[in-house]
Structure formats: C-alpha cells, structure tokens
Amino acid sequence: GSSTMTDGRTRFSDLVSQLDPLLKQLQASPPMARLDDGLENVPGVYVFYEDGQPLYVGRTNTVRKRIQGHTRKSSGHNSATFAFILARKKAEALNLDLSGYTRTQLEKEYQRFSELFAEAKREVSEMAVRFVLIEDPCTQSVFELYAAMVLETEHNDFDNH
C-alpha cells in the first residue's frame, strides 16, 4: 500500500528533478535537418523549430523514422500529426468548414484540405529539429509536456483526438 505510493512519489520527484537539465540539453543540441545523420533511431523527445522559434514537441522511440514520418509526402494524419495540425489551422483561417469530417475524410476526400496538408508536410520537412535522448517512456511523457509548456509551443494542445 503506502510504501508503494511513497516509492512512486520518490520516482516521480526524481523524474521532475531531471526536467530542467533535460530542457537545457535539448536547447543546446544542434538543430538538424530531417535527413541529418545525427538523427538516429533512438528514443527521446524532439522539437520542430522555424526561424529559431520552437513550434511543436513530440516523443518517439525511433527519432529518425518519426521525423521522416512527419514530413513524408505519403504520410497520413497519424504519422504527420504536426503537419495535420498546421493544415487544420490554415483551413480554419480560410474559413473552410471542416465540421462533420473525420481526420481520414479530411485527408482523403476533402480536396482543398488535402492540398493544405501536402503543403504543411513540405513546410515541416524544411524545419530544423532539436532532439534529446530519453529512454524511459515515463520521463519522455512528462518531459514532452514540460518542454511544450516551458517553450510555449503553439501547436501542442494535448487534446484527445
């Protein structure tokens, strides 16, 4: 019972104490292009930057594959989540009515949205990426949220889909 809770609280406290050093490490990492050899298939948290501004934080077990998934022309809404968010925001700015469409329908059946999505994937493919290696999935999860909040990335909303 309570000793397990104490252990859990201690582990969480230890995790929280790692957040700021991890953020410093992330911010000090070199900005890379999506096909950079420095992006290996290792676990961690990544941030897309445009003009030095952090825009979107994500987490993965295979950073190189994940970054490429965000930008590949053939990627769908489940892989290119950041581009999908950008396309949705552009569509809303153009006053396109997206109500009543599922994510899949927007991507496959709504021509104008499909064009915006392709354009967004191109934009994301030109952004720089910073990355920090984090193997533990709990640390990844908490750090993703922490980084998004501290960096004030405007495209992370943590809404359920």
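Look up a bit, the structure's there.
In what follows, the accompanying structure is described. (Residues numbered from 1 in each chain as written. Predicted model: local features only at pLDDT ≥ 70, side-chain atom pairs only at ≥ 80, totals over all residues. Heavy atoms only, no water.)

**Quick look at the sheet that holds strand S2 (residues 53–60)**
Point 1. Reading across the sheet, the three strands line up as S2-S1-S3 and stay open at both edges, with antiparallel pairing between neighbours. Strands at the two margins of the open sheet, each flanked by one partner only, are S2 and strand S3 (128–133). Looking at each pair of strands side by side, their axes are set apart by 20° on average, direction ignored.
Point 2. One ladder, built from seven bridges, connects strand S1 (residues 44–50) with S2; its direction is antiparallel. (Pairing = 2+ DSSP bridges. Helix = DSSP H or I, 4+ residues; strand = E, 2+ residues; numbered from the N terminus. Axes fitted to C-alpha atoms, helices over the stretch in contact; angles between N-to-C directions.)

**Here we look at the nonpolar core**
Grouped burial of nonpolar side chains is what soluble globular proteins tend to show.
Point 1. Formed by 27 residues in total, the largest nonpolar core has its most connected members in Tyr46, Phe48, Phe82 and Phe113.
Point 2. For this core, the element with the most residues is helix H3 (residues 81–93), which contributes seven residues.
Point 3. Apart from residues no more than four positions distant in its own chain, Phe48 is found in contact with Gln53, Pro54, Leu55, Tyr56, Ile67, His70, Phe82, Val124, Met127, Ala128 and Val129.
Point 4. Residues Val45, Val132, Ala147 and Leu151 belong to the second largest nonpolar core, which totals 15 residues. (Core = buried A, V, L, I, M, F, W, Y, C linked by side-chain atoms within 4.5 Å. Buried < 20%, exposed > 50% of the residue type's maximum accessible area, 1.4 Å probe, protein only. Contact = heavy atoms within 4.5 Å.)

**What about the packing of H3 against helix H5 (residues 111–125)?**
Point 1. As a packed pair, H3 and H5 sit with axes 8 Å apart at the nearest point and diverge in direction by 130°. By the angle class used here, H3 and H5 are oblique. Every pair of crossing elements has a handedness; the one defined by H3 and H5 is right-handed. Facing Phe82, Ala83, Phe84, Leu86, Ala87, Arg88, Lys90 and Ala91 of H3, the residues of H5 in contact are Phe113, Leu116, Phe117, Glu119, Ala120, Lys121, Glu123 and Val124.
Point 2. When the residues that make up the contact of H3 with H5 are grouped by side-chain class, the tally is eleven nonpolar, no polar and five charged. (Parallel < 35°, antiparallel > 145°, perpendicular 65-115°, else oblique. Left-handed = near helix turned anticlockwise from the far one by under 90°. Nonpolar A, V, L, I, M, F, W, Y, C, P; charged D, E, K, R; others polar.)

**Considerations on the packing of aromatic side chains**
Point 1. Here the structure, examined in full by the defined rule, presents eight aromatic pairs.
Point 2. A ring pair is formed by Phe84 and Phe117, whose centres lie 5.5 Å apart and whose planes are at 80°; its orientation type is edge-to-face. Here Phe117 lies in helix H5 and Phe84 lies in helix H3, a separation of 33 residues in the sequence.
Point 3. Residue classification places Phe84 among the buried residues on the basis of a relative accessible area of 1%. (Phe/Tyr/Trp six-rings, centres within 6.5 Å; stacked < 30°, edge-to-face > 60°.)

**Concerning the side chain of Thr153**
Point 1. Along the chain, Thr153 falls in the segment after helix H6 (137–151).
Point 2. A polar contact of 2.7 Å, which involves the side chain of Thr153, links it to the side chain of Asn156.
Point 3. In this structure Thr153 touches Pro54, Leu55, Tyr56, Val57 and Ala148, once residues within four positions along its chain are discounted. (Polar contact = N/O pair within 3.5 Å; in protein donor to acceptor, adjacent residues only side chain to side chain.)

By themselves, these are just geometric observations and shouldn't be taken as functional.
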